[in-house]
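Descriptive structure summary
Here's the letter readout for the chains.
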Amino acid sequence: MSAPDGSPVGAERSIGQLFASATTEMSALVHDEIALAKAQLKQDVKRGATSGGAFTVAGAVLVFSLPMLNFALAYGIRTWTDWNLAICFLLSFAANVLLALVLALIGVVFAKKAKKGKGPQKVAASMKQSAGVLQNAKPHPRPELGDGVPDARAIEAVARSSS
């Protein structure tokens, strides 16, 4: 088994190697969090596009179907019921408005889902938390020999515990 930098586990590593290993791992963490933010943002954009599409379809249905549907439905109601033609046209219009409202409701549902998507905010909070942990990190205390040089056994114990 080996450490992330390729050196064998349990072997003494210099401070430079430990720092390089920590830097590499932090860089990978930041890249992964950026990729996560991009994926979540892409999902939110898809939901927003679906919402916009539903609103567009609702408007198009209302605009383009009103003349043909109103005439066909009004004359159909008149044929079936023998009601006044004006009432038949009002019922035809009400049916078109109801269809447009249903499509607009679908658009509202997708818009709320897109608005609730807080992917980038979650990633930013995670990055702040990682930075806070790193700012509060303190090195392990190392017992020193009488001349101010760290004890070799203590360095070996710390190297084993961190790998």
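The rules behind these values
For every chain, the first residue of its written sequence is number 1, and the numbers climb from 1 along that sequence. Only residues with pLDDT of at least 70 are given local features in this predicted model, and only at 80 or more are side-chain atom pairs given and counted; all residues enter the totals for whole chains, interfaces and linings. Each side-chain value is derived from all of the structure's non-hydrogen atoms; neither hydrogens nor water enter the calculation. All axes are obtained by fitting lines to C-alpha atoms, using only the stretch in contact for helices, and the reported angles, taken between N-to-C directions, cover 0 to 180 degrees. Secondary structure follows DSSP: runs of H or I at least 4 residues long count as helices, runs of E at least 2 residues long count as strands, and numbering of each begins at the N terminus. Note on terminology: angles under 35 degrees are roughly parallel, angles over 145 are roughly antiparallel, angles of 65 to 115 are roughly perpendicular, and the others are oblique. Three residue categories are used. Nonpolar comprises Ala, Val, Leu, Ile, Met, Phe, Trp, Tyr, Cys and Pro, charged comprises Asp, Glu, Lys and Arg, and polar comprises the others, including Gly. For this analysis, a ring pair means two rings from Phe, Tyr or Trp (six-membered ring only for Trp) whose centres lie within 6.5 Å, classed as stacked if their planes differ by under 30 degrees, edge-to-face if by over 60, and tilted for the remaining angles. Type-normalised accessible area, obtained with a 1.4 Å probe on protein chains alone, sets the label of each residue: buried when under 20%, exposed when over 50%, and partly exposed for intermediate values. Multiplying 1.5 Å by the helix residue count minus one yields the expected span of that helix. In what follows, a contact means two residues having at least one pair of non-hydrogen atoms within 4.5 Å. Two axes define the bend at a residue: one fitted to the seven residues ending there, one fitted to the seven starting there, and the bend is the angle between them. Note on patches: the residues involved have over 30% relative accessible area and no salt bridge, like charges join within 9 Å, and the nonpolar side chains Val, Leu, Ile, Met, Phe, Trp and Tyr join within 5 Å. Areas reported here follow the Shrake-Rupley algorithm with a probe of radius 1.4 Å; residue values treat only the protein chains shown as occluding. The term salt bridge refers to a side-chain nitrogen of Lys or Arg lying within 4 Å of a carboxyl oxygen of Asp or Glu.

**Side note on the packing of helix H1 (residues 15-81) against helix H2 (residues 85-116)**
Close contact between H1 and H2 brings their axes to 8 Å; oriented N to C, the two are set at 170°. By the angle between their axes, H1 is roughly antiparallel relative to H2. By residue class, the composition of the contact of H1 with H2 is 29 nonpolar, 8 polar and 4 charged.

**Some remarks on the packing of aromatic side chains**
Across all of its chains, the model carries 2 aromatic pairs by this definition. Measuring from centroid to centroid gives 5.4 Å for Phe71 and Phe89, while their planes differ by 90°, and the two rings are edge-to-face. Note that Phe71 is positioned in helix H1 and Phe89 in helix H2, a separation of 18 residues in sequence. Phe71 gets classed as partly exposed once you look at its relative accessible area, which sits at 47%. Residue Phe89 is classed as partly exposed on the basis of its relative accessible area, which comes to 25%. Measuring from ring centre to ring centre gives 5.9 Å for Tyr75 and Phe89, while their planes differ by 75°; the resulting arrangement is edge-to-face. Taken together, the residues Tyr75 in helix H1 and Phe89 in helix H2 connect sequence positions 14 residues apart.

**Focus: H2**
Between the first and last C-alpha of H2 there are 47 Å, a value that for 32 residues agrees with the 46 Å anticipated at 1.5 Å per step. For H2, every residue scored as buried is listed here: Cys88, Ser92, Asn96, Ala100, Leu103, Gly107 and Ala114. Residues of H2 that are buried in the fold lie against H1.

**Structural notes on H1**
Quick reminder: α-helices carry 3.6 residues per turn. Residues three or four places apart thus point the same way. Under the 1.5 Å per step criterion, the end-to-end length of H1 is 92 Å for 67 residues, consistent within 8% with the ideal 99 Å. At Leu66, H1 shows its maximal bend, which comes to roughly 55°, and the proline Pro67 appears one to four places after that position. Asp82 occupies a position one or two residues after H1 and carries a positive phi of about 60°.

**Structural notes on a nonpolar patch on the surface**
On the surface, a nonpolar cluster with roughly 330 Å² of combined accessible area is contributed by Phe55, Leu105, Val108 and Val109. In terms of residues, the nonpolar patch owes the most to one element, H2, which gives 3 residues. In this structure, Val109 sits in helix H2. Val109 gets classed as partly exposed once you look at its relative accessible area, which sits at 41%.

So yeah, pure geometry; function would need other evidence.
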